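Residue-level structural notes
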There are 2 protein chains.
Amino acid sequence: MGEFELIRNFFAAAPCAQGGEGVALGIGDDCALLAAAPGEQLAISTDTLVAGVHFADPCDPFLLGQRSLAVAVSDLAAMGAAPVAFTLALTLPTVEADWLQAYANGLSAMAQSCGVRLIGGDTTRGPLTLTMTVFGRVPAGQALTRSGARPGDLLCVGGELGNGAGALPLVLGQRSADPEITEPLLAHYWSPQPQLALGQALRGKASAAMDISDGLLADCGHIAAASAVGLLIESEKLPMSRALLSFLGENGARSAALSGGDDYVLVFTLPEAELAPLLAAGWPVHVLGRVVAGQGVVLLDAEGRDITPSTRGYQHFRETP
Amino acid sequence: MGEFELIRNFFAAAPCAQGGEGVALGIGDDCALLAAAPGEQLAISTDTLVAGVHFADPCDPFLLGQRSLAVAVSDLAAMGAAPVAFTLALTLPTVEADWLQAYANGLSAMAQSCGVRLIGGDTTRGPLTLTMTVFGRVPAGQALTRSGARPGDLLCVGGELGNGAGALPLVLGQRSADPEITEPLLAHYWSPQPQLALGQALRGKASAAMDISDGLLADCGHIAAASAVGLLIESEKLPMSRALLSFLGENGARSAALSGGDDYVLVFTLPEAELAPLLAAGWPVHVLGRVVAGQGVVLLDAEGRDITPSTRGYQHFRETP
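Residues numbered from 1 in each chain as written. Chains lettered and ligands numbered in written order. Predicted model: local features only at pLDDT ≥ 70, side-chain atom pairs only at ≥ 80, totals over all residues. Heavy atoms only, no water.

As recorded in an unreviewed UniProt entry, chain A goes by the name Thiamine-monophosphate kinase, listed as coming from Pseudomonas chlororaphis. Turning to chain A, the UniProt annotation filed under Pathway (unreviewed entry) states: "Cofactor biosynthesis; thiamine diphosphate biosynthesis; thiamine diphosphate from thiamine phosphate: step 1/1." Checking UniProt for chain A, the heading Function (unreviewed entry) contains the comment "Catalyzes the ATP-dependent phosphorylation of thiamine-monophosphate (TMP) to form thiamine-pyrophosphate (TPP), the active form of vitamin B1." (UniProt positions renumbered as here; feature names shortened; annotations may be inferred.)

The following block contains the structure:
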């Protein structure tokens, strides 16, 4: 048995490959099998992380395991899908048992937290690259897409913005700070919590949704384009963490919240009548602005002046994508 | 818009991303959506190909497009699943329009031939790596697994063996030969035809099945282990192409047929009563041997002597996985 076949057996025995509703056949055959329920659709998303491009190499394999799965599962949250399963295509330059064990532990921790089961994949030799494909269930016709925003809807986010970008200088070792700053920011970076429950709660309520991976302005641009509407964002309303404000100051924090990536909180549009019941039920909904007729994204200051920055894109870890 | 976002738009417009039954939402949102039909299961398989490990770099991008998809879809054939869709995670060192166009053309040709639609994926910068995840539908409980072989069943394959391994010295430029040899072997290597129709015809008939990617002996070993049975193979019964026999001679061809990889024909076990109707219906079924009580794989010569080779594994393009 080759070492890569041993790795397959190792993952088949890992906690993340056990249990899971809706999985009819897991690791070990030519295909995995997922049960299909009448009236449901299967939501599918694929994300690749390349060493040296999307994460520093070397880095802590446990944290990488957590983060690599969370980033992918966040796309299920964005569709309002209930998480089911994932596959892992793992390309490794060398086989190191300690690395694999720590990576699998991080993966298992996040899989348990998200309610997904590892059902298959591939293990190959080559430059360190991770491709996750995630699967979720959603009632037919109820998935949250990017294309349903209508003028008059509110523009909302599901949590604090900018923490991912704020953490980056800490992750890269370019800056240091006190633990009350570094701990929440690094926790957000390495162990983002996909907003799965919020996404499912927004089914039949939100008119459009996605998760913020490229930064608020850039991702709002995707909703605006897919829905053929304009979006107005009030810069005074951005929810930001105390740690981010302490670390970067108000201007720096605002910039991270607007253009930083890796937030993995949901941005969505909501008919106004849906807001009060969601708030009353305790869901984290922060109103940032409004959908208007037109196109593109406009950022407004407290006096209603257009202060949209000219560059909206966010450069991931080193380079886009 | 960054160049990698342009690539996403490029693939969204490619022929392989159009049409397709059962696809409720294709490329462009956080997730794709597949329709779920009552009483069906979704079969899922992931395959990674790394440049320099699983294929020579550089190589013809059109041929790579064909081959990379065929290799993955072959796992759907092995489960008896009807093909539906696939995702592509493409990691590229540089963006070259000609390369991408040729790759997408090859992908589209194979996608059309197999009846699968590209529904999503990811495009990233890094060392050239392709990860395909393929999706198919199968009636619940009718998937062909590796674990159902029973003593007394026939051991069968769906076509000629050894062509993939026979082609390898041609692919690598290590040998040359006349066109009547090189053309069929190279065609098999670069454009293997997943046995999708045969796989579906074997539902409810074959007791176990898989596709041959690691070589007949190694893959029979997987069926024997998963089914907890022994398999007897009669070496005189191996179906081999005229091109392979001409190129490698009888001994070389037999060795390629037994231990060569990349055949992508189905190997399956069949209760004896199922054989005649399948043959009468014109399905390509070649009986190689029999399932027995016991364990492992035994190769027999014409006189029934055990001639099992000591090394069964096949070294893929350069090194195993």
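The structure having been displayed, the exposition proceeds.
Another point: the overall build of chain A. Along chain A, the regular secondary structure elements total nine helices and 12 strands. Its C-alpha atoms give chain A a radius of gyration of 20 Å, within 12% of the compact-globule value 20 Å for 321 residues. Principal axes of the C-alpha set define a box for chain A whose edges measure 70 × 50 × 30 Å. Residues counted as buried form 60% of the 321 residues belonging to chain A. Pairs at least 24 apart in sequence give 85% of the contacts found in chain A among residues at least 6 apart. For chain A, the exposed surface amounts to about 11,700 Å²; the carbon and sulfur share of it is 51%. If you average the places of the 17 positive and of the 32 negative side-chain charges in chain A, the two averages end up 5 Å apart. (Helix = DSSP H or I, 4+ residues; strand = E, 2+ residues; numbered from the N terminus. Rg over C-alpha atoms; globule rule 2.2 N^0.38 Å. Buried < 20%, exposed > 50% of the residue type's maximum accessible area, 1.4 Å probe, protein only. Contact = heavy atoms within 4.5 Å. Areas by Shrake-Rupley, 256 points an atom, 1.4 Å probe, with all protein chains shown as cover. Lys, Arg positive; Asp, Glu negative; His and termini not counted. Charge placed at Lys NZ, Arg CZ, Asp CG, Glu CD.)

On to the UniProt feature "binding site: Mg(2+) 4" (unreviewed entry) in chain A, then. This chain's UniProt record puts "binding site: Mg(2+) 4" (unreviewed entry) on Asp30, Ser45 and Asp75 of chain A. With a sequence span of 46 residues, these residues are also far apart in the fold, their greatest C-alpha distance being 26.1 Å. Summarising the element assignment, Ser45 of chain A is placed in strand β3 (residues 40-50). Those residues in contact with Ser45 of chain A, other than ones at most four positions away along the chain, are Asp75, Met132, Thr133 and Val134 of chain A together with Asp30 and Cys31 of chain B.

With that out of the way, let us pick up the relation of the copies chain A and chain B. Copies of the same chain, two in number, are related to each other by a rotation about an axis and a translation along it. In the superposition of chain A on chain B (RMSD 0.0 Å, axial shift 0.0 Å), the rotation amounts to 180°. These values place the two chain copies in the arrangement generated by a two-fold rotation axis. When C-alpha positions in chain A are compared against the rotation axis, the closest is assigned to Pro38 of chain A, at 2.3 Å. The overlap is high: 100% of the interface residues of chain A also sit at the interface in chain B, so the same surface is used on both sides. (Least-squares fit on C-alpha atoms with pLDDT ≥ 70 in both.)

Looking now at the domain arrangement of chain A. All names here are of chain A. Domain annotation for chain A reports domain 1 (3-139) and domain 2 (154-300). Between domain 1 and domain 2, the C-alpha centre-to-centre distance is 25 Å. Contact residues are listed per partner, giving 24 residues for domain 1 and 17 residues for domain 2. Seen at the junction of domain 1 and domain 2, the total is one salt bridge. (Domains from an automatic or database assignment. Salt bridge = Lys/Arg side-chain N within 4 Å of Asp/Glu carboxyl O.)

On to the sheet that holds strand β2 (residues 32-35) of chain B. Spatial strand order, β5(A)-β4(A)-β6(A)-β3(A)-β2(B)-β1(B): six strands in an open sheet with mixed pairing. Edge positions in the sheet fall to β5 (117-125) of chain A together with β1 (23-25) of chain B, since each has one partner strand and no second. The mean inter-strand angle of the sheet, taken between neighbouring strand axes irrespective of direction, is 25°. Bridging between β3 of chain A and strand β6 (residues 129-139) of chain A involves 11 bridges; their strand directions are antiparallel. (Pairing = 2+ DSSP bridges. Axes fitted to C-alpha atoms, helices over the stretch in contact; angles between N-to-C directions.)

Counting across every chain of the model gives 20 salt bridges over all chains. Here Asp262 of chain A makes a salt bridge to Arg67 of chain A, at a shortest N to O gap of 3.4 Å. Taken together, the residues span a long stretch of sequence, with Asp262 of chain A in the loop between α8 (242-259) and β10 (266-270) and Arg67 of chain A in helix α2 (residues 61-79) at a distance of 195 residues. Neither residue differs from the other here; Asp262 of chain A and Arg67 of chain A are each classed as buried. Sharing partners across several salt bridges, the network here consists of Asp29 and Asp30 of chain A together with Arg146 of chain B.

This part covers the UniProt feature "binding site: ATP" (unreviewed entry) in chain A. According to UniProt, the "binding site: ATP" (unreviewed entry) feature falls on Gly121, Asp122, Arg146 and Ser213 of chain A. For the annotated residues, spread through 93 residues, the largest C-alpha to C-alpha distance comes to 31.2 Å, inconsistent with a single compact locus. By secondary structure assignment, the location of Gly121 of chain A is in strand β5. In this view, Gly121 of chain A contacts Thr87 and Leu88 of chain A together with Thr46 of chain B; residues no more than four positions away in its chain are not counted. Looking at the element boundaries, Ser213 of chain A is found in the loop between β8 (208-211) and α7 (216-227). Ser213 of chain A sits in the buried class, given a relative accessible area of 18%.

Mapping Ala35 of chain A onto the fold places it in strand β2 (residues 32-35). Along the backbone, Ala35 of chain A and Ala24 of chain A are 11 residues apart, and their C-alpha atoms lie at a distance of 5.9 Å. When neighbours within four sequence positions are excluded, Ala35 of chain A is seen to be in contact with Gly22 and Ala24 of chain A together with Glu40 and Gln41 of chain B.

One widely used convention gives an interface's size as the accessible area the parts lose upon coming together. Contact residues are listed per partner, giving 59 residues for chain A and 59 residues for chain B. Summed over both partners, the interface of chain A with chain B buries about 4,200 Å², with 58% contributed by carbon and sulfur atoms. Applying the counting rule to chain A against chain B returns four salt bridges. Notably, a salt bridge pairs Arg146 of chain A with Asp29 of chain B, separated by 3.7 Å at the nearest N-O pair. The tally of links from chain A across to chain B stands at 17 residue pairs in polar contact (both at pLDDT 80 or more). Counting residues per element, the side of chain A that touches chain B draws most heavily on β3 of chain A, at 10 residues. (Buried area = accessible area lost by both parts, 1.4 Å probe. Polar contact = N/O pair within 3.5 Å; in protein donor to acceptor, adjacent residues only side chain to side chain.)

Attention now moves to the environment of Ala37 of chain A. Here Ala37 of chain A lies in the loop between β2 and β3. A C-alpha to C-alpha distance of 38 Å links Ala37 of chain A and Gly2 of chain A, two positions 35 residues apart in sequence.

All right, on to the sheet that holds strand β7 (residues 154-157) of chain A then. Residues and elements named next belong to chain A. Strand order in the open sheet formed by six strands is β8-β10-β7-β11-β9-β12, with mixed pairing between adjacent strands. This sheet does not close on itself; its edge strands, each paired only once, are β8 and β12 (296-300). Neighbour-to-neighbour, the strand axes of this sheet turn through a mean angle of 25°, independent of strand direction. Sheet analysis places β8 next to β10, joined by four bridges and oriented antiparallel. Note on β10: the bridge partner recorded for Ala209 is Phe268. Set on the sheet, α7 makes contact with β7, β8, β9 (230-234), β10, β11 (286-292) and β12; between it and β8 the angle comes to about 145°.

Moving on, we get to the packing of helix α4 (residues 163-171) of chain A against helix α5 (residues 179-190) of chain A. All names here are of chain A. At a closest axis distance of 8 Å, the pairing of α4 and α5 adopts a crossing angle of 105°. Taken together, α4 and α5 sit at an angle that is classed as roughly perpendicular. The residues of α5 that touch α4, namely those facing Asn163, Gly164, Gly166, Ala167, Leu168, Leu170 and Val171, are Thr182, Leu185, Leu186, His188, Tyr189 and Trp190. When its residues are assigned to classes, the contact of α4 with α5 shows eight nonpolar, five polar and no charged. (Parallel < 35°, antiparallel > 145°, perpendicular 65-115°, else oblique. Nonpolar A, V, L, I, M, F, W, Y, C, P; charged D, E, K, R; others polar.)

Next up on the list: the side chain of Thr133 of chain A. Within the fold, Thr133 of chain A resides in strand β6. In terms of polar contacts, Thr133 of chain A uses its side chain to reach the side chain of Thr46 of chain A, at 3.0 Å.

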